[in-house]
Every structure is written in structure tokens, then in C-alpha cells.
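Examination of the molecular architecture
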Amino acid sequence: MMITYFGYGSLVNASTVPEAAELVPGRLKGWVREWRVCSVWENGQGRCALSVRQDPDAEIWGVMTREQKTRLDALEKRESRYEKIGRIAGSFRCEAEQKPGPEDLFLFKATPENERWGCAQHPILQSYLDCVLAGYHQIWGEEGVEHFFDTTDGWHVPVLPDRRKPLYPRAVDIEPALLRLFDDRAGMRDIRLLTV
């Protein structure tokens, strides 16, 4: 038995999912990404992560991931501030063959109690943003990075610069040249870095 879900943030980065998982790049119509799920970690650090909302005019790139159903508990624990949303198969198209997803395709969307814009007390972790951007770059190159910035709402949310001591538990190693690309694209959008 398998589960199939659409990833649009850190789940796009193959380094954050099991090696046995199958990732299929594709596009999802009718949804937009946003920095709109807030929570506090066990260490007291507030953070803001990505969620999605429906928008009939939008389309986001991401990956359809298939893995063993025995992994569902671990996945739901990772995405504990989210709820599963189904009935998205017809809105998805894989890039290679333009086929829709399977009927059981789902995505994770912020639960109502966690759904609010990030702020200085709940910032975007730069190590999380880097991980997401690296995933988009792995698949689509610079075009993927541009797409992510252009199709994500909420860039008024400040970023906590934690690269030297990453707070994100699935932080990834990224080449300096790629980090410079990320910083260049972020700078074009006047993204505010918090002082630490």
C-alpha cells in the first residue's frame, strides 16, 4: 500500500524525504503558497512555515511523492500543524507526461489554529527557506527559484538569519554560490532580515 501527496515547500527537497520515496515534478492549478502557518518549537523559538490556499487563477510547481503507507505516521508527525486535503488529483499534472495524479493524492494545509501570517515573533527561518529553494533549484534550476519567489505570498514576513547555526531540523548543506543566488533573489524583493 502506498500514499501519494503533493509537496510545495521543504518536501520538494529530496534530501528531506526517505531515499525510497518517488518524487515526480508537476504543477498544481488552483492553489497558491503563502507564509501563513505559525508555531512554537519545544525550545521556545517561534517560526513561520509555508502553507497553501485556494486561488482559481494560481498555479504552483511542486512534487508528487509516493511512499509506503507505513510511513504515514512519521509524515503526519512531521506535518503536525497541518491537515490533509484531498480531491486535488484533477488539478495536478506531472511535467513529463501531463497526466493527473491518482485519486488518493493529497496535500498538507495549515490547520485553522496555526493559520496566521508570520511576524517578528514567528519569522521564516533562513535555514528552512534555503532548504526549500535548494529543492526547487535541484529540479528546475534558477527558473524554479524565480517561480518560488513569484508564486509565494507573504514576503512581508521577516527572515531570521540562522545559517551559521541552523534551527531548522532538516537543514541541508548548500554551496556558497547557490546561497548567493538565493540572497540575490531575496534582495530583489526587499525581504527583511531580523537582527540577531
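Look a little higher up for the structure.
What this report covers is the structure whose coordinates are included nearby. The model shown is predicted, which means the values in this text are computed figures rather than measured ones.

We note that Gln98 has phi near 60 degrees; this positive angle belongs to a residue other than glycine. Here Gln98 lies in the loop between strand 5 (92–94) and strand 6 (106–110). The backbone phi angle of Asp190 is positive, close to 55 degrees, even though this residue is not glycine. For Asp190, the location among the structural elements is in the segment after helix 4 (176–187).

Before going further, it helps to examine the state of the cysteines. Tallied over the entire structure, the rule returns 0 disulfides. In this structure Cys38 is not part of a disulfide, and its nearest cysteine sulfur, from Cys48, lies 4.6 Å away. With a relative accessible area of 1%, Cys38 lands in the buried category. Look at Cys48 and you get buried, because its relative accessible area is 2%.

All right, on to the pattern of salt bridges then. On inspection of all chains with the given rule, the structure shows 18 salt bridges. A salt bridge links Arg27 to Glu95, with the shortest nitrogen-to-oxygen separation between them at 3.2 Å. Of the two residues, Arg27 is situated in strand 2 (residues 22–40) and Glu95 in the loop between strand 5 and strand 6; the sequence distance between them amounts to 68 residues. Of the residues examined, Glu95 reaches a relative accessible area of 28% and is grouped as partly exposed. The network of salt bridges with common partners includes Glu142, Glu146, Asp150, Asp184, Arg185 and Arg189.

Parameters at a glance
- Residues numbered from 1 in each chain as written.
- Predicted model: local features only at pLDDT ≥ 70, side-chain atom pairs only at ≥ 80, totals over all residues.
- Heavy atoms only, no water.
- Helix = DSSP H or I, 4+ residues; strand = E, 2+ residues; numbered from the N terminus.
- Disulfide = S-S within 2.5 Å.
- Buried < 20%, exposed > 50% of the residue type's maximum accessible area, 1.4 Å probe, protein only.
- Salt bridge = Lys/Arg side-chain N within 4 Å of Asp/Glu carboxyl O.

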